[in-house]
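# Secondary and tertiary structure notes
Residue-level listing of the chains:
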Amino acid sequence: MSSESDNTTKYLIQSLMWRQCVSEDNLKRLVTKCKRGEEAATEASNELVAEVVTRVNRQMRAYNISVSRGPNESDGTIYYALINTADNDITRMANSWSQKELLYFRKLMAAIIENKNSCIASTKMLNIGREDDIKFSLPVSETLTNKWVEQKWFEDVSDGKIAIGIRTLLEMSVYIRERFEVQDCFRCKILCIRGLNCMSCDTKLHYHCSDVQFIPDNKCPNCAKQFASTTTQNTNQSDSDSVANDSTQGVNGSAHNHRIDDSTDEETVEDLNEAIVGDSDEEPIQRRRSGRSKRSRLS
Ligand SMILES: [Zn+2]
Ligand SMILES: [Zn+2]
């Protein structure tokens, strides 16, 4: 390996360790910065980025660390993060988080993943921190959850709605698959928490994977029946037409439109009410259409 490629690999490892989670554009910029001579004038190609990532993986294999790649579920932006391949369990965060913080994080993950829209109101997020087994004060919960959003463990998707963040998707996918009944996106085969469900079968697609090229005429790519409700195909619909079930949201709208739908659907009101009155009497969440209940183990 030349000293230039050696330096690029080192620089990328250090950058990923420092920044924790890097978008594809930023990763490209980092690789471009390492180029020397005439090459430095042009942006690093996708091939060069892939080559550097392969080198990082080769060097880090002995330490059970590898580069994980996946899309942010709001807009499909690709991110990269260094993950521990030997220990994907959340308890490894115990080095930097207290036991109560771990419990709070687990409970938030469960609340979001088991919610039918795969997001919860930020007020509900804070209320979970006040539950008996955690008992954080409001300012403590607020500081902690703001930090988790900033670090991309969670994502503020719109109007105080909180979803699973890209860092959790990249670093905790094994944990999520083990503990929750989740699916992969039918198109990109990557774990999909937030997306659209077919009305007739179990097929799920990320919002950014459900474009008109992939599901022409709104036909499910798996069962060929109607994929999403046609009444909500028009993304300019009024708020009163919005529905809570994300499987009936418009198929081909932009991620931005999906986020607007999220913020105006009935779930917002329900979540806010739950946050105010508490959610201890919440009914068990049923899996969409199939009626099978989701399982979660918080231990
Ligand atoms: Zn996908
Ligand atoms: Zn289908």
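As recorded by an unreviewed UniProt entry, the chain carries the name Non-structural maintenance of chromosomes element 1 homolog and is attributed to Medioppia subpectinata. UniProt lists a comment for the chain under the heading Catalytic activity (unreviewed entry), and it reads "S-ubiquitinyl-[E2 ubiquitin-conjugating enzyme]-L-cysteine + [acceptor protein]-L-lysine = [E2 ubiquitin-conjugating enzyme]-L-cysteine + N(6)-ubiquitinyl-[acceptor protein]-L-lysine."

### Comments concerning the pattern of salt bridges
One pass over the structure, following the stated rule, counts ten salt bridges. Among the ionic pairs, Arg-55 bridges to Glu-51, the shortest N-O distance being 3.2 Å. Highlighted residues: Arg-55 and Glu-51, both in helix α3 (residues 46-60), separated by four residues, approximately one helical turn. Looking at Arg-55, the relative accessible area reads 9%, which means it is buried. Connected through shared salt-bridge partners, Lys-107, Glu-131 and Asp-133 make up one network.

### Overview of the packing of aromatic side chains
A full pass over the atoms with the stated rule returns nine aromatic pairs. On the basis of an interplanar angle of 50 degrees and a centroid distance of 4.9 Å, the ring pair of Trp-97 and Phe-105 is categorised as tilted. Judged on exposure class, the residue Trp-97 and its partner Phe-105 are both buried. An angle of 45 degrees between the planes, with centres 5.2 Å apart, marks the rings of Trp-97 and Trp-148 as tilted. Taken together, the residues span a long stretch of sequence, with Trp-97 in the loop between β3 (78-84) and α4 (99-114) and Trp-148 in helix α6 (residues 138-150) at a distance of 51 residues. Aromatic rings pair up to connect Trp-97, Tyr-104, Phe-105, Phe-136, Trp-148, Trp-153 and Phe-154 into one cluster.

### Digging into the coordination of the zinc ion (ligand 2)
The protein atoms donating to the zinc ion (ligand 2) are Cys-198 (SG), Cys-201 (SG), Cys-220 (SG) and Cys-223 (SG), with metal-donor distances spanning 2.2 to 2.4 Å. Note that the zinc ion (ligand 2) binds four donor atoms; their angles at the metal cover 106 to 114 degrees, and the shape is tetrahedral. Of note, the zinc ion (ligand 2) draws all its donor residues from one chain, in the sequence arrangement C-x2-C-x18-C-x2-C. In this pair, Cys-198 is assigned in the loop between β9 (195-197) and β10 (204-206) and Cys-223 in the loop between β10 and α9 (255-264), connecting sequence segments 25 residues apart. Judged by relative accessible area, which is 0%, Cys-198 ranks as buried. What makes Cys-223 partly exposed here is its relative accessible area of 27%.

### Digging into the coordination of the zinc ion (ligand 1)
The protein atoms that coordinate the zinc ion (ligand 1) are Cys-185 (SG), Cys-188 (SG), His-206 (ND1) and Cys-209 (SG), at distances of 2.1 to 2.3 Å. Taken together, the four donor atoms surrounding the zinc ion (ligand 1) define angles of 95 to 118 degrees at the centre, an arrangement classified as tetrahedral. Between the donor residues of the zinc ion (ligand 1), the gaps in sequence give the motif C-x2-C-x17-H-x2-C. Taken together, the residues span a long stretch of sequence, with Cys-188 in the loop between β7 (183-184) and β8 (191-192) and His-206 in strand β10 at a distance of 18 residues. Using a relative accessible area of 29% as the deciding quantity, one classes Cys-188 as partly exposed.

### With respect to the pairing of β3
Most of β3 sits inside the fold, with six of its seven residues counted as buried. Two strands pair when backbone bridges link them, and strand β1 (residues 21-23) and β3 are joined in this way by three bridges, in the antiparallel orientation. Of the residues in β3, the one forming a bridge with Cys-21 is Ala-81. Two elements, strand β2 (residues 65-71) and β3, share seven bridges in a ladder whose sense is antiparallel. Its bridge partner lying in β3, Pro-71 is registered against Ile-78. Counting the residues that bridge the hairpin from β2 to β3 gives six residues, and of these Gly-76 lies at a positive phi of roughly 85 degrees.

### Thoughts on the sheet that holds β2
Taken in spatial order, the three strands line up as β1-β3-β2 in an open sheet, and their pairing is antiparallel. Looking at the sheet topology across the chains shown, the edges are occupied by β1 and β2. Shown here is a sheet whose adjacent strand axes are inclined to one another by a mean of 25 degrees, direction ignored. Its contacts with the sheet place α3 against β2 and β3, and it is angled at close to 145 degrees to β2.

Thresholds, definitions, all that
Here, residues in each chain are numbered from 1, in the same order as that chain's written sequence. Each chain takes a letter, starting from A, and each ligand takes a number, starting from 1, following the order in which they are written. Selection of residues for local features in this predicted model requires a pLDDT of at least 70, selection of side-chain atom pairs for listing and counting requires 80 or more, and totals for whole chains, interfaces and linings are taken over all residues. Water and hydrogen atoms were dropped before computing side-chain values, which therefore reflect all heavy atoms in the structure. UniProt positions are given in the numbering used here, feature names are shortened, and annotations may be inferred rather than shown by experiment. The salt bridge definition used is simple: a Lys or Arg side-chain nitrogen within 4 Å of an Asp or Glu carboxyl oxygen. Runs of E in the DSSP output that reach at least two residues are strands. Runs of H or I that reach at least four are helices, and both are numbered from the N terminus. Exposure is judged per residue with a 1.4 Å probe applied to protein chains only, and the accessible area is read against the type maximum: over 50% gives exposed, under 20% gives buried, and values in between give partly exposed. When two rings of Phe, Tyr or Trp (its six-membered ring) have centres within 6.5 Å they constitute a pair, described as stacked for plane angles under 30 degrees, edge-to-face for angles over 60, and tilted for the intermediate range. For Na, K and Ca the donor cutoff is 3.2 Å, while for all other metals N, O and S atoms count as donors only within 2.8 Å; water does not appear among the atoms, so some sites may look incomplete. Working rule for geometry: tetrahedral if four donors all subtend angles between 85 and 135 degrees; square planar for four, octahedral for six, if opposite donors exceed 155 degrees and the others stay between 65 and 115; irregular in every other situation. If DSSP finds at least two bridges between two strands, the strands pair. Axes, fitted as lines to C-alpha atoms, cover a helix only where it is in contact. Angles between the N-to-C directions of the axes lie from 0 to 180 degrees. Residue contacts are defined here by distance: any two heavy atoms, one from each residue, within 4.5 Å place the two residues in contact.

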